Structures are given as C-alpha cells and as structure tokens.
There are 4 protein chains.
Amino acid sequence: MAGNSFGTLFKLTTFGESHGTAIGGIIDGCPAGVNLDLEKVQEELDKRRPGQSAIVTQRKEPDTVEFLSGIFEGKTTGTPIGFVIQNSNQKSKDYSHIKDTYRPSHADYTYDEKYGVRDYRGGGRSSARETASRVVGGAIAKQIIPEISFSTYTASVGEIEISVDHKELDFNLIESNPVRCPDPASAEKMETLIREIRSQGDTIGGTVQCVIKNVPKGLGEPVFNKLHAELGKAMLSINAVKGFEFGSGFEGTKLKGSQHNDQFNTDGSTTTNLSGGIQGGISNGMDIYFRVAFKPVATLMQKQQTINSKGEEVSMQGKGRHDPCVVPRAVPIVEAMAALVLADFFLQNKISKI
Amino acid sequence: MAGNSFGTLFKLTTFGESHGTAIGGIIDGCPAGVNLDLEKVQEELDKRRPGQSAIVTQRKEPDTVEFLSGIFEGKTTGTPIGFVIQNSNQKSKDYSHIKDTYRPSHADYTYDEKYGVRDYRGGGRSSARETASRVVGGAIAKQIIPEISFSTYTASVGEIEISVDHKELDFNLIESNPVRCPDPASAEKMETLIREIRSQGDTIGGTVQCVIKNVPKGLGEPVFNKLHAELGKAMLSINAVKGFEFGSGFEGTKLKGSQHNDQFNTDGSTTTNLSGGIQGGISNGMDIYFRVAFKPVATLMQKQQTINSKGEEVSMQGKGRHDPCVVPRAVPIVEAMAALVLADFFLQNKISKI
Amino acid sequence: MAGNSFGTLFKLTTFGESHGTAIGGIIDGCPAGVNLDLEKVQEELDKRRPGQSAIVTQRKEPDTVEFLSGIFEGKTTGTPIGFVIQNSNQKSKDYSHIKDTYRPSHADYTYDEKYGVRDYRGGGRSSARETASRVVGGAIAKQIIPEISFSTYTASVGEIEISVDHKELDFNLIESNPVRCPDPASAEKMETLIREIRSQGDTIGGTVQCVIKNVPKGLGEPVFNKLHAELGKAMLSINAVKGFEFGSGFEGTKLKGSQHNDQFNTDGSTTTNLSGGIQGGISNGMDIYFRVAFKPVATLMQKQQTINSKGEEVSMQGKGRHDPCVVPRAVPIVEAMAALVLADFFLQNKISKI
Amino acid sequence: MAGNSFGTLFKLTTFGESHGTAIGGIIDGCPAGVNLDLEKVQEELDKRRPGQSAIVTQRKEPDTVEFLSGIFEGKTTGTPIGFVIQNSNQKSKDYSHIKDTYRPSHADYTYDEKYGVRDYRGGGRSSARETASRVVGGAIAKQIIPEISFSTYTASVGEIEISVDHKELDFNLIESNPVRCPDPASAEKMETLIREIRSQGDTIGGTVQCVIKNVPKGLGEPVFNKLHAELGKAMLSINAVKGFEFGSGFEGTKLKGSQHNDQFNTDGSTTTNLSGGIQGGISNGMDIYFRVAFKPVATLMQKQQTINSKGEEVSMQGKGRHDPCVVPRAVPIVEAMAALVLADFFLQNKISKI
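If you're wondering where the values come from, they're calculated on a predicted model, not measured in any experiment.

In this section: the nonpolar core. Membership of the largest hydrophobic core comes to 351 residues, with the highest contact counts inside it found for Phe290(A), Phe290(B), Phe290(C) and Phe290(D). When near neighbours in sequence (up to four residues on either side) are disregarded, Phe290(B) contacts Val208(B), Gln209(B), Cys210(B), Ile212(B), Leu231(B), Met235(B), Phe244(B), Glu245(B), Phe246(B), Val334(B) and Ala338(B).

Below is the structure:
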C-alpha cells in the first residue's frame, strides 16, 4: 500500500533508486501461455534510454533488462515475472554537492519532510529513472492485448503545437524525428526550440498525446475505477506531469450539450467522438485519446538560489547531462502506462458477466 | 475490485442505483474517537441536493442520510460506518420510454455492452445520484482532518471564466450566489448564461477549482500513489469530468524551467507556487489547487436522434427536470472527493517513518 | 483495509453492531447476469437465526434481509449489491450492567485497548450477530457456482465425535436434527450433552466439518493465496474459532510419506485423498474437506469474577438467552465462508491463462 | 492479486522458481528510519539453508541475499526494498526425468491444470525454495518490532511430541540440536526417528510451535482480518502445511466454558491463557502461541507408481537430496511469516484511534 504497485489484476510493483545497485520490478497476475517477445520489451526501453539523440540527455545508460522468473521456454507461466535493470552509472561522488541542498521544484525537500532521510544520489527514488521499470511492465502488458494499438507522440513543446487533428496524422512518422512528433513541420520547429532552450541552460515543457485504437467495448470498472480515471492516475503518476484530459477535455467545457453529444450510428459507433472512446467510464469501441501535460524539467544548467537542509540560502547549478525537454523521452512512458491500464481492465472485464 | 471502493486506509464503498430502493455506503478504516458532527454531513448533502436553487434541476429529493453503525455516543468506534439514503423519487414508469433507447453520450450503451443487462431507470448505477454517497464519505473525512480547509467553487461556465487569481478571491462569497462562484461579477454572468442555455433546452459545461490550505507536509505515497495522481483519479471518477490539472497545469507546459521553478524561502515555503503544493507527489505545505473540467450535461430538453438496443434509429427527448449546468452542484462533490483523498493520505502518512 | 472486507474479486464488506440500527453489507464484484433466488438467501439466514430449536439461544430475531441495489428484474446487474438486516432486538438497557465490565474471554477488553471506546451493547461489532451478513454473502456466492456442492455439519460436541469417515455419511440427514449432525447416533448424544451443559449454566465447544464436491480443477492462487490458506483465514475469522485443518490435518503429521502420498489414477483423480482436494494450494478436482474448531461460548449463565474498566474486581452473571453450544448455528456460517472463498477463486481462475 | 503478495501495509511480494536465474522480492511499506542489521537477515536465511546439518537435505545452496534498493547508509528510506537470491544450483538436466511426470501429492498436476504450462525444473514456483524470500521479509519485519520476541521450535516429529507445556521450555536450547527442539530428551528421539525414516527412503511429518512474547495490546483488525486469521493464512500458505491452531486449539473444543474462560487479573492480564493471547481477533498482551501441522515430504527415495501428462502409468523414484522431515527447516519459515503478520498489524494499529 506504500505506493509502489500499479494495477489490480495485472499488477506491476517496482523498486530502485537512481544510483542504487539496480532498479526493477515484479509483474504479478500475467496470465499463463503468453508467447513473450522479449526483444520488443528491450526496444521500448531503448526509446526511453538516455543518449539516444542529440536533443536528450547525453548520459550513457544501456538499460538492459534481465528477466529472472515467470517465463519458461518463451512463454509466461502464470507466476510472477521478476526483472532487474542494473544501474551502470552509479557514482555517488557526483552528487555530494547536492547532499544537503534542496533543489527547487524537485522532490528533495518533500522526501526529507516525509521520511526524515533520503537517498540524495541523483534524486534517489524520485528520479525519473524509476520509469524504466514501467516501460518494461507496459511492454509486456501490450503483448497480452496485441489487438489494441497505441500511438503516442509529442503534441506540443512550449508554445509550438500540432495544429491538425489526430485523425489526420500519419503515426508512422512518429519515430522519424528525435522529437517523436508525427507532424514534420511542427517537429522541426520543436527541435529548433529545444536546441535553443538547451543553449540557454534552460528547459521547456510540452504535452504528449496518446491515441488507442481497436479497444474492445466494455473496459473500465465504474464507479471509482472508470477507465479514464485510471488512465488519469497512471499519467499523473509520471514524473513532471501537471495535467490530464481526454476526449474534448478542457475545451469541451465551453461547448453546449447539443454540440458535445456524440450521435450514434446504427452499429453503435458514433459520428463524432468528443467522448474520447469512453462513456460512463467504460470503453465504447471508438478511439481513446488523451493528452498529458509535462512541466519544464526542474534541473537547469543555470545558477539558482535555493536552501539547504539547515534552512540556509545556498546557490547551486545543475551538473551532468540533463534533458532540456522531457517530452520526447516521456512518449514511451506514457504509452507504457496506458498499456498497463488497458491490459488490467481487459483482464478485469473477463468476469463482468456470467 | 469491481470498482465501487475508493481509498486505501480510509475507504468508502458505495452501492445503489438512481431508482432503486436506496443508495448508501460503508466507510471502513475511520479511526476511533472522532467526535462526529452529523449535521455537518447533512449540510454538505444539502449543497448537492436537487431543487436547491432556480438554476439546478427542480426534482425533489430530500436526500436524508441515515447512519446505521460505527458511531456510538457521538463518537466513531473504529468499526465500519454504514449509511443509507432512501430514494424517495423512485418511479419506474417515468423511464419506460428510454428502456431500450441508448441516450447519446450517456452510459446506456456501454453498460449494456459490458454487463449484458442494465437497470435503465434513470441511468441506474451510472446516474450522478451515486455521488450523494461520496458527499457523505467526504463530509466525514473532513472531520478527521479539521485543520485542513477546502474551498471549492465554480471557476468557469462555458466561456465565462473567473479572471482573477485564486489568491485574490474571497471564499466566503462562494455560497452567496447559486452558481457557487466567489467572484460576484463572473457569478452574475454565469447565472445569466445558464438561464439562457436552459431556455434553449440545452446544457453547458464548466470548470470547478478547489483550493486546499493548511495541508501538512508529507502527504502522498510515491511513486504510483502520488498525491496529485490520487486527486486526479478521484476527480476523473466523478460523472461528466473530462480533465484535471493542478498547479500550473496545461499552461505550465509553455513555460521555461527558469520561469516555472518555485524558489525556496528559508522556512521551506516557496515564493511562487506553480507546483500547486505538491512536489514529487508529496505535499510541501503550500496551498494545493487544481481545476476539474466538466462537459455539458448529455440530457437535453430537445429532440435528439439516437438508436435503440436493436440498432434502430429512434428519436427521443429528455423528460423530467435536469440540470442545465452540472457545475454548481458538482462543487460539493469535488470537495468531498478531495477530502477523501487527503484524509486517506493523512492516515497513511502516520506510518511513513519510525 | 480496516478488516471489514473479505475476498478479492467477489468481495463482501460488512457493517453493523449487535444492537445498532441494522447490520448489512455490500457485495462488490458479483458478475452480471446471475439469476438470483433470494428465497434461498433467506433460507440460509434462517439456519443461522436464533430461536430455531430448543438447543440454541431463545432470542427472537427474524433476521430478514432486504436488498437495496444490484439486482434488477431478478438478475444481478454487475453493480454492487447492498443489503441490510434490521436489528429488531436493540434494547440498550439490557446491557447497562456490563457497560464497564470486561467479560472473561470476550473481546470487551481488547476493543477498549485498541479503540479507546467501545459499543458495549451486546458486544457491539464483536458480537457473532455480524456473521448474519456473511451468510447473506455466502448464499449469493453459492449461486455463482451452482455446480459446486457444500455439505457442512457438526462433527463433534465436547468429547462426542462422529466416528465414521465423511464418505460414509448421508448428508441429507444434516437437517434432520437440531445439532446438524448427519450421524443420528452421535446426534442424539450431542443433543443430550448440550441440554445437560445448558442446565448447568455452562457451555461446550465442538467442531464443524465441511465437504465440498464437484470443485473445478485449478482454483487457488499460489503462493500466498493458496486455496486452503484462504479457507483457513475465512474460518479463523469466525467468532470462537481456535483451529483449522484440511485433508489429513494434524493427524497427517504422524504419517510417513509412503502412507500419506495420494496415488494417481490415470484420469488424474487419486486413489486416496489425504491431500483434501488441494495440492500446492490449487484444487485437483477431488473432494475438499476441512474441520473447524470452536471453543465453548464465553458467556455463561453462572456467576463469574472479572474486572471493570477501572481494574476493579467485580462479579457478573450472563443474562438473557445465549447458546450453550455455538456449533449447530455455526454450520451455515462455515458454509457461507467456504462459498465466498470458492466463488472468489472461481472468478480469479478465469484469467489464469490466455 | 495473483497471490504473490503478503501483507497490507508492510507488504512482501516475491518472485522466482526453484531453478530459474534467481528468486527474490520487494518489501513495500517498510517505514523510513529503521536501522537494519543485514547480517541478522542472512543469519535467518542460514537457518533455512539446505545442507546445514546431517538430518536435512544435503544440497548445497549458499542462499546469499543481495539488497538492491530501499536502504541507504544503513537505514531504510521508506522506499521499496528490492532483493535477490541467486539460484546457484540451477541444473535443468537433473529434472528431465520428471518433465512429463506428475509426482504424487506434489503440485505438478494442479499447476498444469491451472496454467496449461509449467516450469517442471525442481517444482518451479511450487518448490519450497520460494520460502527463502519469506525469510528475508520476516527478518526485516522483526527489526521493525524489536520489542516483540519470537520463539519457534519443533514440537513433534511423527508420534514423538514434546510433552511439557511451552512455559516450562528453555527456548535457548532450540538451536542446540539439529531438530530445533528445546526439549533435549524429545530432540534426541526425534533425531533418531528422522535418521531411521531417511534410511528407509521415506519421510515423516511433524508440527512446529511458535510462542510470541511482549506483543503490544491492540494488534489485529476485526472482523475479517483478525490477528489469528492472518496468522493462520500465513502458516497455511507455507508448503506442506495441513493445519493451524492457536491457544487451546482443537483440544479446547472438548472443554466447558467454565473451564476455558481466562479470568482477569486486575492489571488486565489473565490467570490462564487458553485464548492464546488473542481475544476477538485482537492481541491482549498475553503470549501468543500456535501450532502448525506439516505433512510428510512427498518426495520419497523409493520407487512410486504415478502417471505422466498423457495419463499413462509410469514409475518414478526421487533423485537428488531431499529432506526426510521438513520440520527443522520449516522453523525459521514459520517464524518469518509470524513476524510479517505482527509487523503489519503493528503498523496498522497506529491509526486505529485518533
């Protein structure tokens, strides 16, 4: 209950600090008999990996996942899947300068207040390094629900936003640029902005959009575990996320009901999809789409004033190699969390009726 | 696990359909020794009650809560608190006209797809009537954490939005108008708009903002159960909600890190509060504030085309008395869910360190 | 988490004190589409009811269950089933004499130590009255798994024990005598003993045996949620239970492996069944059988020395009408708990493989 | 929910098969600030280790635990504690002879029925090797509740039973003999019996008793999560366990209430302790004691008839080095599970009242 598990039937529990020996996790509740393609899992991890392009952090971490249990002769056995990712980059000395310093808008201060102790090396448990374990979990989740497709991409960086509707995008272009934006014109502007921001030692926020197709009807468990409520929690649990909206989202609040209602076709599909594929917390078979807001990374390559654990004013400057914009590397994390939610509800729905 | 419980230690489980005998719930995990003011619970319910003002549904439901257990001589005993609210308004005949009809953008179709059966009377379990039980739970949750204050209000209706920062609002004015908007100028415009929309037989969306003060430092359980992730799930589980943002929210994605970081004062407070009182998923003692997007109500007093359960096109028109804008009555529900989250994390935090 | 819920997917949460307004509960996770026979539920309750025969407590409680939700047109809808049983017998005055007194081997002292407050009327929440809600839950659980049959009976009272193997008993005789013992010779001796004990103002213990037939293979979730581990927990959670054993039980510890191993027939059944129908925590299709130990009821119709809440010595004597032996009325409770466990694992097993 | 987690607030999740790469687990919910003595953890593991004495299996497995997270500068940080134990002994070839064979009274058949696939190497997940992870979890649990003392020992082997009451035993003698029996006379007889049984290629059952002292009053969460119900589940989840009883246990069913009731002293302690330290599911401060029944090990060094996965009769004979009696090595496992239960309830009780 201490917050390191996600999911009800398909359940991921993770462990590990940024600069500890290793990170990893246990997936419990994966059905037996799934033919797992472990290379696909590593491919997803590689999308999240530092150093993959010029516009992300240049740290070198191979992030190789090793599976320890639950898979036998290529198949899941129904027993828990344990896995680890070694921390190859663990050098405590790099972080001595922030041992007693609370970095602004990081979790340093709140961890100390909550736990009375904290692993200050690279943010410890609060580091986004933890999300690598989520990507492993999500990549396995996807293989339980192969018919469902996930397309996730950068929808905005700072003020630069894709202006076309997601239905007009070619998702095959997502991986064609380092920003992971399927609109080439926007992608170029986003990349230029990120390079510019980096040259200032600054950072910038952005949004990630996820579109999920071929979702079976009936997923979601009202009233508290509505499909979009779990998706929202999943996304908000990712580092640096400040908001979540699905379907018509915040813009939808400005509409009238006569504009917003999705009219039915006779096959149960709808002519419009402002509902975002979910009605009453349950999928209706239309595309699910949602948007996730990421704040700018708090670690700056600029001098900042802050305080230390004694309440004294100190000045600090980010060292090492950090992301000027977290959004491109957040894309596989958003997708992994979405897959965890869908796979879990897919299993839960198997017992909704007799 | 079928989705009708909320909370980890302070846990609300609810039951009941719109037109069944009664709705109600069980609160398990309420500590013993809390002096409960049950009148306050009823007061919160009255804020959610239909018929309370000219701009909400004119249905008459007294919504009186009756407590069945867990309270003895005015105090909680540590045992589960069972409660019921009778459905005084249960007339099945009113709903025969929609028995086989799927109302657009309602949950009729998805419930049928998921369960193969549905209580069609007034939306059954998918009706917002269910939220009355949440208000009871939230009102009790508040009495566990009396030092924490909640101020919740209508921040926008359609395009009309409060333009001033929440720090400049006088929350004492929230209940001074039927819209529950503490900015009198905006309130008047909102009320006018709602009346106009109602006269068209239409509905309109809006947003609710909640500001939480005096939050102890340390609440929230990373990594998956971050304080804002649970708040987000709580809000997204409310009927008609399409989005959630806290602190700088979606606007924050446009900022640079150097603009967005909250600088520390020497006492650990921050000069700005774009973080929204939460860093790394844990409260830092600053005000928590968030915004919730409500779509326009799907039931219109207009003729609509739709389909029935045989896939035939039919036309329908909303009968009875419905809300032209759900936002004013959603205010106490948002607040109740926030209180449930805070009380739960308050208890969880009692064992974060030894 | 405060202990008033039982089950993972098919989940019963109960509330209510002995002398409060009502007891009741919520069943969440019941699949939709089950045709419920509510009379059967009441029949099970009647087996637990006080006053049903000369050898049980003569209190008069009709114990009529009222369902409030989750059932529509005779079928479950997949939504939570709320129910209440009114406490017709609630007279606080009867219990004023024990307000400050800790009855020996009751829960009075421990509730006060744990909660700092207690509803002293009739034992409050610690009263076995709470088990009526379990019987309701169990009776519904049975209707999800109609192919599985449960036979539960009194196996011993004091030193008087059924000497024949359960395979030689005619379970149709269970309800032929007030002791609920299918061995008529033993039943008579047990009844005589109970009458004698009652005439002394004393009480006596005993054991209940449950035999479950037609269990599908594959139920149980190792490693921690083994089928017999959940059965054990279920039984030990019943008031007055001191022990649980299944299959060969404690006697099996005296055997050699060569005597204890169950040899396979070629169809996967076994020639003997010392395993008790469960191997490695998973049902193997053979009969499940287990035995539950009940201590003698602690309330005596004799004078006893004890202490009050100030630590002063006081003398007390049981008033009212109590059971001289809890075992006959415990039979339906044991069966209900067994049904809850089996129905839950039945649902869980639907997703063990793909 | 798939059964590989134990505990509510202090929660152990384990993974790993007998002959996979490694076994291990994650402890979530351990409070921050606990000074962990990791050598003590290894000491407990060494008590469970194969090859430790002449009367247990002579397999050689060092069973060294490696901690991967959650501990920093000797203290717990409140984040999850990940750990692994490498499987040094993993030779698949040893098990090819049982690949398609269902060993009698093992879990081979039921795992195949449930999952449709199974890791046949050494029993896979159903092997008692998994309990090493429990011992790690229990050893850490103990350090959260250092004031509570656990004394666990072999109470019987086959028909040989300690005849004296546990209050008269010197628990310092438990580790003085390989049987782990604090009664030297019985220990000698037990050891002789085990040697004799082993020479026959056979196995024998036995019982383990656990006595827990200095338990704070108030632990346990009625009604379903009574302290003894969780202890029972914990014990029954251990491989080869067939029964559990606490306090007066099955013998207590033969007593009258006037014999069984524990009379109070004025300080709240009781003159007798047939309740076993628990009343109404809550600890009363007296010693908790319980007994666990272990069946004889199913792997025999004798020829046995059985079937294979095609339903054909085959004969088989145990190879390798197995325990003739599991009880001496089960002692630390029983103690670990007891510690997990007590630590969890210790934390849960911190929020039972305000």
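Right, let's get into the interface of chain B and chain D. Between chain B and chain D, the residue contacts involve 12 residues of the former and 12 residues of the latter. Both faces combined, the contact of chain B with chain D buries some 1,100 Å², and carbon together with sulfur accounts for 77% of it. Our count for the contact surface shared by chain B and chain D stands at 4 residue pairs in polar contact (both at pLDDT 80 or more). Of the residues assigned to the side of chain B that touches chain D, the class counts are 9 nonpolar, 1 polar and 2 charged.

Residue and element names in this part refer to chain A. The 5 strands are arranged S1-S2-S3-S7-S4 in an open sheet whose pairing can be described as antiparallel. Each end of this open sheet is capped by a strand with a single partner; those strands are strand S1 (5–6) and strand S4 (65–67). The sheet contact formed by strand S3 (residues 22–28) and strand S7 (residues 81–86) spans 6 bridges and is antiparallel. Note on S7: the bridge partner recorded for Ile26 is Gly82. Of the strands in this sheet, S4 and S7 are in contact with helix H1 (residues 38–48), which crosses S4 at around 150°.

Here the residue pair Pro222(A) and Val223(A) is connected by a cis peptide bond, since its omega of 10° sits within 30 degrees of zero. Residue placement: Val223(A) occurs in the loop between strand S11 (206–213) and helix H5 (227–236). Backbone geometry places Asp63(D), a non-glycine residue, at a positive phi of 55°. Here Asp63(D) shows up in the loop between helix H1 (38–48) and strand S4 (65–67).

Time to look at the relation of the copies chain B and chain D. Superposition of chain B onto chain D requires a rotation of 180° combined with a translation of 0.0 Å along the rotation axis, giving an RMSD of 0.0 Å. What the superposition gives is, in effect, a two-fold axis relating one chain to the other. Every residue of chain B has its C-alpha some distance from the rotation axis, and the shortest such distance is that of Lys350(B), at 3.6 Å. An overlap of 100% is found between the interface residues of chain B and their copies at the interface of chain D, pointing to a shared contact surface.

Another aspect to go through is the pattern of salt bridges. Taken as a whole and assessed by the stated rule, the structure comprises 83 salt bridges over all chains. Taking the shortest distance from any N to any O, the salt bridge between Lys114(A) and Glu221(B) comes out at 2.9 Å. Taken together, the positions of Lys114(A) in helix H2 (residues 108–115) and Glu221(B) in the loop between strand S11 (206–213) and helix H5 (227–236) put the pair across two chains. Through salt bridges that share partners, Glu44(A), Lys47(A), Lys142(A) and Glu335(A) make up one connected network.

Looking now at the pairing of strand S9 (residues 149–157) of chain D. All names here are of chain D. Burial analysis of S9 places 8 of its 9 residues in the buried class, which makes it a mostly covered element. Where S9 lies against strand S11 (residues 206–213), 8 bridges are found, and the strand directions are antiparallel. Residue pairing for S11: Ser149 is matched across the bridge by Lys213. As paired elements, S9 and strand S10 (residues 160–161) share 2 bridges and run antiparallel to each other. Residue pairing in the sheet places Ser156 in a bridge with Glu161 of S10. Connecting the antiparallel pair S9 and S10 is a turn made up of 2 residues, with Gly158 showing a positive phi of about 55°.

Take the side chain of Asp108(B) next. Residues and elements named next belong to chain B. Turning to its location among the elements, Asp108 is positioned in helix H2 (residues 108–115). A distance of 2.8 Å separates polar atoms of two side chains, one belonging to Asp108 and the other to Arg103. Within the local environment of Asp108, its side chain forms a polar contact with the side chain of Arg118, the two groups lying 3.4 Å apart. Those residues in contact with Asp108 that sit more than four places away from it in its chain are Thr101, Tyr102, Arg103 and Arg118.

Further remarks concern the pairing of strand S16 (residues 303–308) of chain D. All names here are of chain D. Across 2 bridges, the pairing between strand S8 (residues 101–102) and S16 is antiparallel. Within the sheet, the bridge partner assigned to Tyr102 lies in S16 and is Ile307. One ladder, built from 5 bridges, connects S16 with strand S17 (residues 313–317); its direction is antiparallel. In the sheet register, Thr306 faces S17, and the bridge partner there is Val314. Between the end of S16 and the start of S17, which pair antiparallel, lie 4 residues, with Gly311 showing a positive phi angle near 80°.

This next bit is on the environment of Gln263(B). The topology assignment puts Gln263(B) in the loop between helix H6 (257–260) and strand S13 (278–279). Sequence separation between Gln263(B) and Glu313(B) is 50 residues, and the spatial gap between their C-alpha atoms is 59 Å.

Attention shifts here to the confidence of the model for chain A. Across chain A, pLDDT averages 94, with 98% of residues at or above 70. At the level of chain-chain contacts, confidence expressed as ipTM amounts to 0.97, with global pTM at 0.98.

So, how was this worked out
- Residues numbered from 1 in each chain as written.
- Chains lettered and ligands numbered in written order.
- Predicted model: local features only at pLDDT ≥ 70, side-chain atom pairs only at ≥ 80, totals over all residues.
- Heavy atoms only, no water.
- Core = buried A, V, L, I, M, F, W, Y, C linked by side-chain atoms within 4.5 Å.
- Buried < 20%, exposed > 50% of the residue type's maximum accessible area, 1.4 Å probe, protein only.
- Contact = heavy atoms within 4.5 Å.
- Buried area = accessible area lost by both parts, 1.4 Å probe.
- Polar contact = N/O pair within 3.5 Å; in protein donor to acceptor, adjacent residues only side chain to side chain.
- Nonpolar A, V, L, I, M, F, W, Y, C, P; charged D, E, K, R; others polar.
- Pairing = 2+ DSSP bridges.
- Helix = DSSP H or I, 4+ residues; strand = E, 2+ residues; numbered from the N terminus.
- Axes fitted to C-alpha atoms, helices over the stretch in contact; angles between N-to-C directions.
- Least-squares fit on C-alpha atoms with pLDDT ≥ 70 in both.
- Salt bridge = Lys/Arg side-chain N within 4 Å of Asp/Glu carboxyl O.
- pLDDT = per-residue confidence, 0-100.

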